[in-house]
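# A structural walkthrough
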Amino acid sequence: MADFGLAGTNDVPRRIPVGPRSFVYSANPARVLFGAGTVAKVREEVERLGGARVLLLSGPSRGAAAHPVREALGPLLAAEFDGAATHTPVEVTERALRVLREHGADCLVAIGGGSTTGLAKALAVRTDLPQVVVPTTYSGSEVTPVLGETEHGRKTTRSSPAIQPETVIYDVALTLGLPVPISVASAINALAHAVEALYSPQANPVVDGMALDAITRIARSLPAVVVEPSDVDARADLLQAAWLAGNCLAGVGMGLHHKLCHTLGGSFGLPHAETHTVVLPHAMAYNAPAVGAVMARIAAALGASDAPSGVYDLIERAGGPTSLRELGLAEADLPGAAGLATARPYPNPRELTGPGIEALLRDAWHGRRPGGGRAVPDLSWLTGQVVASFENTPDPRLKELLTDLVRRLHHYVTANDLTQAEWQRAIDFLARAGHITTDTRQEFVLLSDVLGVSSAVDVLTNSRTPGTTPSAVLGPFYVEGPPAAEHGGDIAKGLPGTPLWVDVRITDTEDVPVPGAVVDVWQSNEDGYYDVQLPDLDGPVLRARFHTDADGRLRFWTILPSEYPIPDDGPVGRLLAAAGRHQMRAPHLHFLIARPGYHRLITQLFVRGGPYLDSSAGLGDTVFGVKDELIVDFVPRQGATPDGRVIEGEWRLLDFTFRIQRD
Ligand code: NAD
C-alpha cells in the first residue's frame, strides 16, 4: 500500500490524484536575502560579486528612497542614475549606459519596482555586469531572466541567463511606504503570475507549491495592508508572496492573461500592474471551463467559493481598479486589442477565439464581476471586532480556541454567502438537538460523530503512541459505573443471539501483562439496540465492568454484536436523510480500559466480514469509527466450549490482545 499514488483501506485501492506524471523543472539561480533591514548588507553582497564601483539605479522622484542603499554602499558608490521608466525604453537604457561607462562601473545596484529592475537587466545584458536588485514593489521581475524593452512604441521581450539578477535583497522596511493603490495593483500582478503558473503547460509540483503559497499569502495580507499600510507582518507576507510568484513567472510559461496585459500595455499604453489587476478575474473566468480543478485549488487558497469572482472581490474590497474604462482604454479599441491578442497562437488551456476574447475584454472594460451577482461585503472589520472582544480572556488556550472559532465561522458565513433563512435553520437544528438530549440520549455527541469530529479528536488525542492498540470513539451509549461482573459470567443474561466467548489480554507495549486493569464492556443486542434504548428492560444488560486477573486476562460470555442504526428520530437522523446518507454502524464491541500508571484506552473491535466496514462508495460506518487494525476475527465454532458450557449450534470466539501505553 506504500505504492506511489495508491492509498486506501480494505481490498480496493483508491487512486488519489498526484498531479503531472512527468515534468521538467529548472531552477533559476539567484541569491536571495529576505528580512527587515537587509539593505544594510548591500555592500557585502556587491563585494561578494567582485564589485568595487557601483552604478546605483532608481526611478524618478525615488532618490530619497535610495538613501539607505547609498549609505550602505559607502565608498563603493561610483555613480547614480534615477531615470528608470516603465516598460524599459531603449533610449533611457542608452543614457544610463553612458553614465555607466563614464564612471567605469563594475556592478549594478537597483532599488525600486519592476521598471528600475528592468533598467538594471537591460544594462546587464549589454555589459554582462553583475546585478544586486532591491525590489520595493511586488512585480517579481527581480527573479526572472526576462526583459521587456520598448523601442519606437514596440515592446519586445527576450530571455537570457545574463538578464537574471545575481542577488536579490528583499527588505520589508523599504516597502512600508509603498502607496496603497500601487501596493494593491502590484500584489495582483504577483497573483497573476501564481494563477497562470498553475495551468501552464510546464506546471510542476515545485512551482505549484510556490503558486498556491503565494495566493494564500496575498489573499490574507493584502486586505491587512490596505487597512494598515505599515503592518510589517502583512508587508512581509506580501513581499514573500512576490518572491514566490516571481519564481513562478521565471519557472513556467504564462498564458492568456499575461498575453492580454502585454498587448494592452505595449500597444495601448495602459499602466502595467493596474492592467493586470483589471484583467486577471476575466482571464481566469475565460479559462475556468477548461481548468476547473485548477480553479478549485485557487479558490481554496484564496478562501473563496469561486476563483475568478474571489479575485474580483479581493480587488474590489482593496479599492483596486476593476475596469479598463477607468484605466483610459477607449471602448472602440476593444476589437483591435482582441485581434492583436489572438493574432499569433500561444499556449493557453482554453482555445482562443476572437469573439471570446472580445467578450472577455468587454466585461473587463465595463468592470463586470465574473459570474455576475453582487460581491460579498467585506466583513473583516466585524471579525476583527469580535476577535478583539476576546483579547482579555485570561486562559490563553481558551482565547486561542475562541478567536479561531470566530474567524472560521465568519469565513464560513461569507464564503458560502449564507442567508438569514439558512442560519435560522441551523439555529433551529441546534435547538432541536438540545431539546432531545437527556442523560442517556446525547444528540450533540451523535452530531459530532456523524460529522467525523469525534473520530478526528480521538485520533489527535489517542493515536500518537505507536505500538498500542488504536483507539476509537466512546460513542453515545457509554454509561458511567456499569455493573461489576465475574470472569466467565454471561453479560447477555439470556438475551437471544449467537453466543460469543470473549478471551482478551491487556499488556503494555513490551507484552508485559497488566493485572488489575478496569475494563468496561458494552454492546448492542441482536436487534442492534443498547439497553438504554429499551425502557422496558429491567436494569443494565450487555454492559459490565471487569478487572483483569494476574495474567492481565479476562474472559466472559456475551452475544455477537449486530449492526445498528444510530438513533434517527432526532435532528441528526433528519440531517442524514437530507444528505442521503445511511445511518448504520458496523457491528462492534466497546472497551474502555483504565489502570493507574497507564494511558486510558477507549476502543472498539469490529466483526471481520460484517456489514458497513467498507468506507468506499459511502458504505462505511456512519460515525467513521472503523480502523483496519480494529477489524478482528470473531471465529465461528461448533461443539466444545472453553468453559464446558453446552451450546447447540454455532458459537463464536474472540481472542484478542490490547496493548496499552505506560504513562
Ligand atoms: P514600477 O517599477 O513602475 O513602480 C510603480 C510605481 O511605484 C512607480 O511610480 C515607482 O516610483 C513607485 N514605487 C516603487 N517603489 C516604491 C516605494 N517603496 N514607495 C513609494 N513608491 C514606490 O512598477 P512595477 O509594477 O513594479 O513594475 C512594472 C514594470 O516591470 C513593467 O515595465 C513590467 O513590464 C516590468 N515587469 C517585468 C517583469 C519581468 O519578469 N521581466 C515582471 C514583472 C514586471
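Residues numbered from 1 in each chain as written. Predicted model: local features only at pLDDT ≥ 70, side-chain atom pairs only at ≥ 80, totals over all residues. Heavy atoms only, no water.

### A few points about the nonpolar core
Rules: Working definition of a nonpolar core: buried Ala, Val, Leu, Ile, Met, Phe, Trp, Tyr and Cys residues. They are joined through side-chain atoms within 4.5 Å. Burial status follows relative accessibility: with a 1.4 Å probe on protein chains alone, a residue under 20% of its type maximum counts as buried, one over 50% as exposed, and anything between as partly exposed. For the purposes of this entry, the term helix denotes a DSSP run of H or I that reaches at least four residues, the term strand denotes a run of E that reaches at least two, and both are numbered from the N terminus.
Counting 51 residues, the largest nonpolar core has Leu 191, Ile 215 and Ile 298 as the members making the most contacts within it. Among the secondary structure elements, those contributing two or more residues to this core are β10 (167-171), α5 (180-198), α6 (205-227), α7 (232-251), α9 (272-287), α10 (292-302) and α11 (307-318). Counting residues in hydrophobic clusters, the runner-up holds 37 residues, among them Ala 517, Val 519, Leu 601 and Val 607.

### Side note on the site of the ligand
To be explicit about the condition: Throughout, near means a residue has at least one heavy atom within 4 Å of the molecule or strand. Polar contact is the term for a pair of N or O atoms within 3.5 Å; when the atoms are in protein, one must be able to donate a hydrogen and the other to accept it, and sequence-neighboring residues count only if both atoms are side-chain atoms. All accessibility values rest on the Shrake-Rupley procedure with a 1.4 Å probe; residue burial counts only the protein chains present in the view. For this classification, the nonpolar set comprises Ala, Val, Leu, Ile, Met, Phe, Trp, Tyr, Cys and Pro, the charged set comprises Asp, Glu, Lys and Arg, and every other residue, Gly included, is treated as polar.
Gly 114, Ser 115, Thr 136, Thr 137 and Thr 144 are the nearest of the 22 residues found near the ligand. Interatomic distance of 2.7 Å between a backbone N/O atom of Gly 114 and an oxygen atom of the ligand. Here a nitrogen atom of the ligand sits 3.2 Å away from a polar atom, N or O, in the main chain of Leu 174. Taken by itself the ligand offers 860 Å² of open surface, and the protein chains cover 81% of this. When contributions to the shell around the ligand are tallied by element, the ones reaching two or more residues are α4 (114-127) and α9. Here the shell around the ligand is composed, by residue class, of seven nonpolar, 12 polar and three charged.

### Let's talk about the environment of Ser 200
Basically, it comes down to this: Note on contacts: a residue pair qualifies if any of its non-hydrogen atoms lie within 4.5 Å across the two residues.
Relative to the helices and strands, Ser 200 resides in the loop between α5 and α6. Residue classification places Ser 200 among the buried residues on the basis of a relative accessible area of 7%. Along the sequence, Ser 200 and Cys 248 sit 48 residues apart, while their C-alpha atoms lie 9.9 Å from each other. If sequence neighbours within four positions are ignored, Ser 200 has contacts with Val 252 and Gly 253. Within the structure, Ser 200 has its side chain in polar contact with the side chain of Gln 202 (distance 3.1 Å).

### Considering the sheet that holds strand β13 (residues 543-547)
Using the following cut-off: Strand pairing is defined by DSSP finding a minimum of two bridges between the two strands.
Spatially, five strands are ordered β13-β12-β17-β18-β19 in an open sheet, and the strand pairing comes out mixed. The open sheet is flanked by β13 and β19 (631-632), the only strands paired with a single partner. Across six bridges, strand β12 (residues 518-523) lies against strand β17 (residues 588-594) in antiparallel orientation. The residue bridging Gln 523 from the neighbouring strand is Leu 589, located in β17.

### Details of unusual backbone geometry
Positive phi, close to 70°, is recorded for Asp 511, a residue that is not glycine. The residue Asp 511 is located in the loop between β11 (499-507) and β12 in this model. With phi around 60°, Leu 542 is a residue other than glycine that occupies positive phi space. Of note, Leu 542 is situated in the loop between β12 and β13. By relative accessible area, Leu 542 is classed as buried at 2%.

### Details of the sheet that holds strand β3 (residues 31-35)
Condition: Here the axes come from fitting lines to C-alpha atoms, over the contacting stretch only for helices, and the angles between their N-to-C directions go from 0 to 180 degrees.
With respect to topology, six strands assemble into an open sheet ordered β3-β10-β7-β6-β4-β5, the strand pairing being parallel. What marks the edges here is a single partner per strand, and that holds for β3 and β5 (77-81). For this sheet, the mean inter-axis angle between neighbouring strands, taken without regard to orientation, is 15°. Bridging between strand β4 (residues 54-57) and strand β6 (residues 107-112) involves four bridges; their strand directions are parallel. Among the inter-strand pairings, Val 54 is bridged to a residue of β6, identified as Cys 107. Strands β4, β5 and β6 of the sheet are contacted by helix α3 (residues 90-102), whose axis makes an angle of about 160° with β5. Along the sheet face, α7 touches β3 and β10 and points at about 165° away from the line of β3.

### Describing the packing of aromatic side chains
To describe a pair of aromatic rings, one takes the distance between the centres and the angle between the planes. Inclusion rule: Pairing of aromatic rings covers Phe, Tyr and Trp, the last through its six-membered ring, and needs centres within 6.5 Å; plane angles under 30 degrees mean stacked, over 60 mean edge-to-face, and all others mean tilted.
Counting across every chain of the model gives 10 aromatic pairs. Ring geometry for Phe 546 against Phe 556: centres 4.7 Å apart, planes inclined by 20°, an arrangement best described as stacked. Of this pair, Phe 546 sits in strand β13 while Phe 556 sits in strand β14 (residues 553-559), and the two are 10 residues apart along the sequence. Between the aromatic rings of Trp 557 and Trp 651, the centroid separation amounts to 6.0 Å while the plane-to-plane angle is 70°, which identifies the pairing as edge-to-face. Of the two residues, Trp 557 is situated in strand β14 and Trp 651 in strand β21 (residues 651-659); the sequence distance between them amounts to 94 residues. Each member of the pair, Trp 557 together with Trp 651, is buried. Joined through ring pairs, the aromatic side chains of Phe 477, Tyr 530 and Tyr 564 make up one cluster.

### Brief notes about the pattern of salt bridges
Rules: By convention in these notes, a salt bridge is any Lys or Arg side-chain nitrogen within 4 Å of a carboxyl oxygen on Asp or Glu.
Applying the stated criterion across every chain yields a total of 31 salt bridges. Of the charged contacts, one joins Asp 363 and Arg 368 as a salt bridge, the two residues approaching to 2.8 Å between their closest N and O atoms. Judged by relative accessible area, which is 40%, Arg 368 ranks as partly exposed. Here Arg 555 ties to Asp 549 by a salt bridge, and the two come within 3.5 Å at their closest N and O atoms.

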